[in-house]
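Observations on chain architecture
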Amino acid sequence: MKQQLLHTPEGVRDIYNGECERKLYLEDKLHSALMSYGYHPIQTPSFEFFDIFGKEVGTIKSKELYKFFDREGNTLVLRPDITPSIARAVAKYYMEEDMPIRFCYLGNTFINTSSLQGRLKECTQLGAELVGDNTVDADAEMLSMLVECLQIAGLKEFQISVGHTGILSGLIEAAGLDEEEEEALRGLISNHNFFGVIEFIEKKRLEKELKELFSSLGVIYQSAEELKRAKELSEKYPKVHGAICYLEKLQSLFLLYGIDKYISFEFSVISPYEYYTGILFNGYTFGSGEPIAKGGRYDNLLKHFGKDAPSIGFAIVIDQLMAALSRQKTQIPAKQNNQLIVYDEPHREDAIICARKQRAAGCNVELILKAADKNRADYEAYAVRNEIGRLQFMLGE
């Protein structure tokens, strides 16, 4: 029984020593980057009422929520997603505000999903939300911040796939697909089975242009020029055409921000979150099978909480980012300013005075009274195990 107490439940893990220090360092650097754009920190509760993440809001399925009850019998859930919590907070405290509101956050999310492929059920997310701005400039700013954060983290090669909800929904409407057919199509896209998509569409009696647009769901576009053919094909389908024109306009701003080489356009980008209404995007890099970042525009989400305000946001999954950095052999440049002073009783006062001065100067200092059964080699090995940069002995020997 005591041995069982040493283990964590499936899908969660301990983070300690050097890894924890590097994680905290990375979080601090990224949070500072978001604040440099004028985003203000916000913290929301780790658990909320069930309705904050209910089906009507368009977040994850109920069976994937961690649910429990308070003393009054209310159903509560551990947050699976921080965006609805911030939407609730904005509606509560900024109901009359008609100017843009910028928030950034750092917190853990909890999803009771399958742990296949080492997927964690508790993850740390860092992100930003821009409320009250429906312009293409707001979308460009959000993606620029995301690129900057990934660069600050140390990534050299990464790609952000940008799509638009209007493209797929417009194609589905134009093809006249029923609910069952739409679900089947979305399943094929989720599994990146684009041959299956083509086979699915070939069975339908559709116009040539529409079939070609469906075939383009698996295409990766790197520039507005490459979007030209899809734009021409979509002229007969206003919803699809409008979405592609919007991506074209967005591309021109990427050039101004100097981030165009990190951006690709993919009409197949979809999300399990149903509250997205405009652009949506995922960030990928080597060494991670899951997106390291995700986000999009959600212009109707705040209406569920009584405030009509367009919004866009993104979240970086810190755990996925750190795993990718590790697999790419990219070191997080955490400061190694830890010191260890080993002293004996005659040097106790000198050691304490020295440690106080070093701490006042910004160093982390650990004090250890030398044990009789330990020698210098023992403490040197201890310093190595704990990534202590400097070791000082204050001994009378």
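Considerations on the overall build of the protein chain
Secondary structure assignment for the protein chain yields twelve helices and 15 strands. Residues counted as buried form 46% of the 397 residues belonging to the protein chain. By sequence separation, contacts in the protein chain at least 24 residues apart represent 69% of the contacts at least 6 residues apart. Surface accessibility of the protein chain: about 21100 Å² in total, with carbon and sulfur atoms responsible for 50%.

Notes on the sheet that holds strand β3 (residues 67-69)
Spatially, the three strands line up as an open sheet ordered β2-β4-β3, and their pairing is antiparallel. Both outer strands of the open sheet, β2 (47-49) and β3, are each paired with one neighbouring strand and no more. When the angles between neighbouring strand axes are averaged without regard to direction, this sheet yields 40 degrees. Note: β3 against strand β4 (residues 75-78), three bridges, orientation antiparallel. Within the sheet, the bridge partner assigned to Lys67 lies in β4 and is Val77.

Focus: the pattern of salt bridges
Tallied over the full model, the rule gives 16 salt bridges. Glu19 is the salt-bridge partner of Arg13, the closest N and O atoms lying 2.9 Å from each other. The network of salt bridges with shared partners includes Asp139, Arg297 and Asp299.

Some remarks on the side chain of Ser161
Here Ser161 shows up in strand β7 (residues 158-164). Its relative accessible area of 4% is what places Ser161 among the buried residues. There is a polar contact of 2.6 Å between the side chain of Ser161 and the side chain of Glu266. Sequence-distant contacts of Ser161, defined by excluding residues within four places in its chain, comprise Ser264, Glu266, Val269, Leu280, Phe281, Asn282 and Tyr284.

Quick word on the pairing of strand β6 (residues 122-131)
Among the ten residues in β6, nine count as buried, and that is most of the element. Sheet topology note: the β6/strand β12 (residues 311-317) ladder contains seven bridges and is antiparallel. Note on β12: the bridge partner recorded for Gln125 is Val317.

As for empty space enclosed by the protein
Per the counting criterion, the structure on display carries one cavity of 30 Å³ or more. By volume, the largest cavity amounts to about 100 Å³. When residues of the lining of the largest cavity are traced back to their parent elements, those giving at least two are β6, β11 (293-297) and β12. Sort the elements by how many residues they give to the lining of the largest cavity and β12 lands first, with three residues. Along the lines of polarity and charge, the residues of the lining of the largest cavity split into seven nonpolar, four polar and three charged.

Focus on the packing of helix α1 (residues 17-35) against helix α3 (residues 136-153)
Packing of α1 against α3 brings their axes to within 10 Å, and their N-to-C directions diverge by 150 degrees. In terms of axis orientation, α1 runs roughly antiparallel to α3. Here α1 runs over α3; the crossing is right-handed. For the pair formed by α1 and α3, the contact residues are Leu26, Lys29, Leu30, Ala33 and Leu34 on the first element and Met145, Cys149, Ile152 and Ala153 on the second. Of the residues belonging to the contact of α1 with α3, the class tally is eight nonpolar, no polar and one charged.

Comments concerning unusual backbone geometry
With phi around 55 degrees, His192 is a residue other than glycine that occupies positive phi space. By the element assignment, His192 lies in the loop between α5 (179-190) and α6 (194-202).

Points about the side chain of Ser288
Along the polypeptide, Ser288 turns up in the loop between β10 (279-285) and β11. By relative accessible area, Ser288 is classed as buried at 12%. At 2.7 Å, the side chain of Ser288 forms a polar contact with the backbone oxygen of Glu290. Here the side chain of Ser288 touches Gln320 through a polar contact of 2.9 Å, side chain to side chain. What Ser288 contacts, discounting residues up to four positions off in sequence, is Gln320, Ala324 and Arg327.

Criteria and thresholds
- Residues numbered from 1 in each chain as written.
- Predicted model: local features only at pLDDT ≥ 70, side-chain atom pairs only at ≥ 80, totals over all residues.
- Heavy atoms only, no water.
- Helix = DSSP H or I, 4+ residues; strand = E, 2+ residues; numbered from the N terminus.
- Buried < 20%, exposed > 50% of the residue type's maximum accessible area, 1.4 Å probe, protein only.
- Contact = heavy atoms within 4.5 Å.
- Areas by Shrake-Rupley, 256 points an atom, 1.4 Å probe, with all protein chains shown as cover.
- Pairing = 2+ DSSP bridges.
- Axes fitted to C-alpha atoms, helices over the stretch in contact; angles between N-to-C directions.
- Salt bridge = Lys/Arg side-chain N within 4 Å of Asp/Glu carboxyl O.
- Polar contact = N/O pair within 3.5 Å; in protein donor to acceptor, adjacent residues only side chain to side chain.
- 1 Å grid on protein atoms, 1.4 Å probe; cavity = no way out; pocket = protein on both sides within 12 Å on 5 of 7 lines; lining within 4 Å.
- Points joined across faces, edges and corners; volume = space filled by probe spheres on them.
- Nonpolar A, V, L, I, M, F, W, Y, C, P; charged D, E, K, R; others polar.
- Parallel < 35°, antiparallel > 145°, perpendicular 65-115°, else oblique.
- Left-handed = near helix turned anticlockwise from the far one by under 90°.

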